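# Overview (structure and organization)
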Amino acid sequence: MKDKEYLIAFNKFLKSMKEKDDTLADDAYECITDLCDVMKIGRIEVSFFDTPSDEYIENNKTKVFYDIGNYDETIYIIRRNNTVDDRTVVYKAWIRESEAAWDDIEKERVNIILDTLFVFNSRSRFIQLADKLLYFDYDMDTYNHKYYMRYLNKLIEKSEISQYTAIYFNLKKFSVVNQQIGRKNGTKVMHSFINTIVSELESGEILARIGGDNFTLIVKKGNQNKILNILNGIGIFMGGSDSERVFVSANAGIYEIPDNSVSSASDVMDRISVALHIARQSDKLDFVYFDDKMLEAKKKANAISAYFPTALKNREFLVYYQPKVTLDGYKLAGAEALCRWKHDGQLIPPFEFISVLERSMDICKLDFYMLDRVCSHLRKWLDEGKKVVRISVNLSRRHLSDMDLTKHILEIIDSHNVPHELIELELTETITDYNFQKLTDTITSLQENGLYASVDDFGVGYSSINLIKEVPWNVLKIDKSLLPSGNGEDKYQNKVMLKYVVAMAQAIGLECVAEGVETPEQIEILRDNCCDFVQGYIFDKPMPVEEFKKRLDNYKYTI
Ligand code: C2E
Ligand code: CA
Ligand code: CA
């Protein structure tokens with residue numbers, strides 16, 4: 001519903017009421033017509049009667065109301081009786097079937113119009129209506145965020161909050177559901193899912209919609225498992241054949257509120273929000289229970305985001321280089337540029353800040369900064385007559401939303417006048433990619449411009465060699481989790497997997513780089529399988545630029 005338009009029409013209505021005493025004058029009718037338009041209701045009429053028998057007469061007289069000129073159409077009527085000062089007031093609303101489906105939402109709309117009219121008669125009803133307008137989500141027939149917060153504050157005031165668990169949930173992949181069955185059916189499915197939860201709520205428990213497919217709940221601790229079972233996933237029947245069931249499940253942040261530990265609704269909200277955020281990021285956990293460490297981590301993350309622009313301006317980010325070495329002769333074949341943050345004399349490793357920067361487009365700024373630094377180093381080495389190697393730079397997947405990504409990359413490289421074939425870009429790929437076309441287009445255009453592209457972290461999560469085939473990559477980087485290590489069953493399985501991964505990569509013409517190689521035994525296995533390059537602590541850890549420079553001219557590696 002268009003809230004703003006409704007409120008404008010509603011205000012106009014109130015004003016006309018004030019000015020016109022208690023008679024429904026022409027302009028009041030006009031306002032009602034406006035309201036009906038906003039609410040997409042066919043027509044609404046209002047009549048006042050002094051006695052019920054008057055109503056009966058009026059009703060007889062006004063049969064003409066039902067005559068809308070087309071007898072085939074169904075007209076729906078709602079009446080409300082209210083006795084104010086010995087008068088019976090009857091409100092009638094009707095709607096043509098052809099204009100809107102007479103479902104619960106439509107009924108709710110008509111009810112709002114009727115409530116608007118009641119405002120005229122009673123102050124308490126006005127307060128009720130104001131509550132409804134302020135605290136209700138009309139599209140989903142649930143309370144809204146405002147109501148949820150107010151309700152939590154009431155529970156806190158009454159010292160009852162510790163009997164409850166707060167839950168913040170987000171429907172998993174609901175945009176995909178919408179794509180598959182259409183938005184309208186998607187809304188229906190969401191409605192059914194929410195209704196299933198609401199039907200399990202006990203007194204004192206509420207569900208609210210925050211917006212989109214985000215909802216909150218406050219449930220008694222004893223009832224929480226029943227609700228979590230639903231959030232874990234249920235099939236929603238769409239009507240028609242059995243196969244038309246849609247599976248809906250949710251990620252949830254859960255806070256089992258301990259005694260007196262919260263002082264306001266926003267404390268609760270902060271906690272379920274961080275827990276949900278972690279659940280949404282995790283591949284493994286759908287539900288995350290809040291604990292205090294999470295808020296600390298969030299504070300730290302906020303501080304990093306806030307300081308990032310200054311750090312970038314002050315050039316606090318350094319490029320470290322980790323060599324890639326040929327298995328044939330142990331010669332330097334390339335290097336990966338890895339970021340280190342030098343802050344207050346300390347060197348901060350990427351796991352402390354990359355994931356924070358990845359929550360926004362900041363990561364793209366950092367990647368471009370790294371590319372710029374790498375190009376400036378390459379230019380300098382070339383000018384000094386050094387024997388340079390191809391350098392790879394990590395590109396966050398966030399860059400895929402940049403329509404001019406290749407152009408931006410080329411601008412940086414060309415501003416340093418560095419040959420394109422000296423730059424490789426590392427990107428990860430996952431099977432859950434539905435931005436697949438964008439990825440293919442990006443890699444194709446990088447290649448058309450003479451740049452190299454590598455699939456990073458192959459073997460982490462869900463990767464598939466089939467998908468790799470579809471995108472024109474140059475290099476496959478095998479993650480260290482695929483390397484055989486230790487003893488036992490896992491080691492044997494990894495050996496087999498590695499063999500097939502390398503063989504398939506080579507069959508489709510990809511260079512193979514094994515990452516995280518630490519032992520001579522791994523080197524042997526990789527050599528047996530004809531892997532091309534190795535990057536790992538066995539040869540070198542990532543190192544500062546001055547040190548890497550010493551590797552450039554015919555450095556001899558041994559193990
Ligand atoms: P990655 O791209 O997979 O980089 C390889 C990581 O493995 C590096 O960690 C490297 O130091 C580490 N590594 C290399 N050899 C070995 C080994 O033999 N044993 C072990 N245990 N580890 C090894 P690092 O430098 O801490 O980087 C971690 C991740 O941070 C990178 O993983 C990459 O995803 C991200 N990252 C680093 N710099 C950047 C950057 O400039 N931009 C973006 N977008 N991400 C970056
Ligand atoms: Ca990488
Ligand atoms: Ca990697």
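In the block above lies the structure referred to throughout.
Okay, so let's go over this structure.

### Things to note about the overall build of the protein
Helix and strand counts for the protein stand at 19 helices and 22 strands. Split into buried and exposed, the 559 residues of the protein put 48% on the buried side. The contacts of the protein with a sequence gap of at least 6 include a subset with a gap of at least 24, amounting to 66%. On the protein, roughly 28400 Å² of surface is accessible, and the fraction owed to carbon and sulfur atoms is 49%.

### Remarks on the site of ligand 1
Near ligand 1 you find 22 residues, and of these Gln322, Arg340, Asp367, Glu518 and Tyr537 are the closest. Within the side chain of asparagine 394, a nitrogen or oxygen atom sits 3.2 Å from an oxygen atom of ligand 1. Within the side chain of aspartate 456, one N or O atom sits 3.1 Å away from an oxygen atom of ligand 1. Considering ligand 1 on its own, with 790 Å² of exposed area, one finds that the protein chains cover 81% of that surface. Among the elements that take part in the shell around ligand 1, strand 14 (residues 332-343) stands out by supplying four residues, more than any other.

### Side note on the coordination of the calcium ion (ligand 3)
Taken together, Asp456 (OD), Asp457 (OD), Glu515 (OE) and Glu515 (OE) make up the protein donors of the calcium ion (ligand 3), found 2.2 to 2.9 Å from the metal. Positions of the donor residues of the calcium ion (ligand 3), expressed as sequence spacing, correspond to D-D-x57-E. The metal-metal distance between the calcium ion (ligand 3) and the calcium ion (ligand 2) comes to 3.9 Å, with aspartate 456 coordinating both. Pair noted here: aspartate 456 is in strand 18 (residues 452-458) and glutamate 515 is in strand 20 (residues 511-515), with a separation of 59 residues, a long-range link. Like aspartate 456, the residue glutamate 515 is buried in the burial classification.

### Thoughts on the pattern of salt bridges
Evaluation of the coordinates by the stated rule reveals 23 salt bridges. Here arginine 390 and glutamate 424 are joined by a salt bridge, their closest N and O atoms 2.5 Å apart. Note that arginine 390 is positioned in strand 16 (residues 390-394) and glutamate 424 in strand 17 (residues 423-428), a separation of 34 residues in sequence. For arginine 390, a relative accessible area of 17% translates into the label buried. Between aspartate 540 and arginine 551 there is a salt bridge whose closest N-O contact spans 2.7 Å.

### So, the coordination of the calcium ion (ligand 2)
Each donor-metal-donor angle would ideally measure 109.5 degrees in four-coordinate tetrahedral geometry, or 90 or 180 degrees in six-coordinate octahedral geometry. Distances from the calcium ion (ligand 2) to its protein donors, namely Glu336 (OE), Asn394 (OD1), Glu426 (OE) and Asp456 (OD), fall within the range 2.2 to 2.3 Å. In the primary sequence, the donor residues of the calcium ion (ligand 2) line up as E-x57-N-x31-E-x29-D.

### Some details on the side chain of asparagine 214
The residue asparagine 214 is located in strand 8 (residues 214-220) in this model. Sequence-distant contacts of asparagine 214, that is, excluding residues within four places in its chain, are made with Tyr168, Phe169, Asn170, Arg209 and Arg280.

### Re the packing of helix 8 (residues 183-200) against helix 9 (residues 224-231)
It is at 10 Å that the axes of helix 8 and helix 9 come closest, and there the two elements cross at 170°. In this view, helix 8 runs roughly antiparallel relative to helix 9, as classed from their interaxial angle. The residues of helix 9 that touch helix 8, namely those facing Phe193, Thr196, Ile197 and Glu200, are Lys226, Ile227, Ile230 and Leu231. Broken down by class, the residue content of the contact of helix 8 with helix 9 amounts to five nonpolar, one polar and two charged.

### A few points about the sheet that holds strand 6 (residues 164-171)
Judged by pairing direction, the sheet is mixed, and its seven strands sit side by side in the order 4-5-7-8-6-11-12 without closing on themselves. The sheet terminates laterally at strand 4 (136-137) and strand 12 (287-289), the two strands that pair on one side only. Pairing between strand 4 and strand 5 (residues 142-144): two bridges, direction antiparallel. Within strand 5, the residue paired with aspartate 137 across the bridge is threonine 142.

### What to know about the packing of aromatic side chains
Taken as a whole and assessed by the stated rule, the structure comprises 17 aromatic pairs. Note on tryptophan 381 and phenylalanine 548: the rings are 5.7 Å apart at their centroids and 55° apart in plane angle, and the pair reads as tilted. With tryptophan 381 in helix 13 (residues 362-383) and phenylalanine 548 in helix 19 (residues 545-551), the pair connects residues that are 167 residues apart, well separated along the chain. Taking the relative accessible area as the measure of exposure, phenylalanine 548 reaches 0% and is therefore buried. The cationic tip of arginine 390 hangs over the ring face of tyrosine 452; the distance from NZ or CZ to the ring centre is 3.6 Å. Stacked on the ring of tyrosine 555, the Lys or Arg arginine 551 has its end atom at 4.3 Å from the ring centre.

### Some remarks on helix 15 (residues 436-448)
For helix 15, with 13 residues, the first-to-last C-alpha span of 18 Å sits near the 18 Å given by 1.5 Å per residue. Burial in helix 15 covers these residues: Phe436, Lys438, Leu439, Thr440, Thr442, Ile443, Ser445 and Leu446. Buried residues along helix 15 sit against helix 14 (405-415), strand 17, strand 18 and helix 16 (465-470). A positive backbone phi angle near 80° is found at glycine 450, which sits one or two residues after helix 15.

The rules behind each value
Throughout, residues of each chain are indexed from 1 in the direction in which the sequence is written. Chains carry letters and ligands carry numbers; both start at the beginning, A for chains and 1 for ligands, and go up in the order they are written. Predicted model: local features are reported for residues with pLDDT of at least 70 only, side-chain atom pairs are reported and counted for 80 or more only, and whole-chain, interface and lining totals are derived from all residues. As a convention, hydrogens and water are excluded, and side-chain values are obtained from all of the structure's heavy atoms. Helix and strand definitions follow DSSP, with helices as H or I runs of at least four residues and strands as E runs of at least two, each counted in order from the N terminus. Using a 1.4 Å probe on the protein chains alone, a residue whose accessible area is under 20% of its type maximum counts as buried, one over 50% counts as exposed, and one in between counts as partly exposed. Contact criterion: two residues are considered in contact whenever any of their non-hydrogen atoms come within 4.5 Å of each other. Throughout, the Shrake-Rupley method with a 1.4 Å probe supplies accessible areas, and for residues the shown protein chains are the sole cover considered. We define proximity as follows: a residue is near a molecule or strand when any one of its heavy atoms falls within 4 Å of that partner. Think of a polar contact as two N or O atoms within 3.5 Å of one another; within protein, one of them needs to be a possible hydrogen donor and the other a possible acceptor, and neighboring residues in sequence only count if both atoms come from side chains. Nitrogen, oxygen and sulfur within 2.8 Å of a metal are treated as its donors, or within 3.2 Å for sodium, potassium and calcium (Na, K, Ca); water is not counted, so a site can appear incomplete. For this analysis, a salt bridge means a side-chain nitrogen from Lys or Arg found within 4 Å of a carboxyl oxygen belonging to Asp or Glu. Working convention: axes come from line fits to C-alpha atoms, limited for helices to the stretch in contact. Angles between N-to-C directions cover 0 to 180 degrees. An angle below 35 degrees is read as roughly parallel, one above 145 as roughly antiparallel, one from 65 to 115 as roughly perpendicular, and any other as oblique. Polar here means any residue other than Ala, Val, Leu, Ile, Met, Phe, Trp, Tyr, Cys and Pro, which are nonpolar, and Asp, Glu, Lys and Arg, which are charged; Gly is therefore polar. Only strands joined by at least two bridges in the DSSP assignment are considered to pair. Each aromatic pair joins two rings of Phe, Tyr and Trp (for Trp, the six-membered one) with centres within 6.5 Å, and gets the label stacked for planes under 30 degrees apart, edge-to-face for over 60, and tilted for any other angle. Lysine and arginine charges are scored as sitting over a ring when NZ or CZ, respectively, is within 6 Å of the ring centre and within 35 degrees of the ring normal. Multiplying one less than the number of residues by 1.5 Å gives the expected span of a helix.

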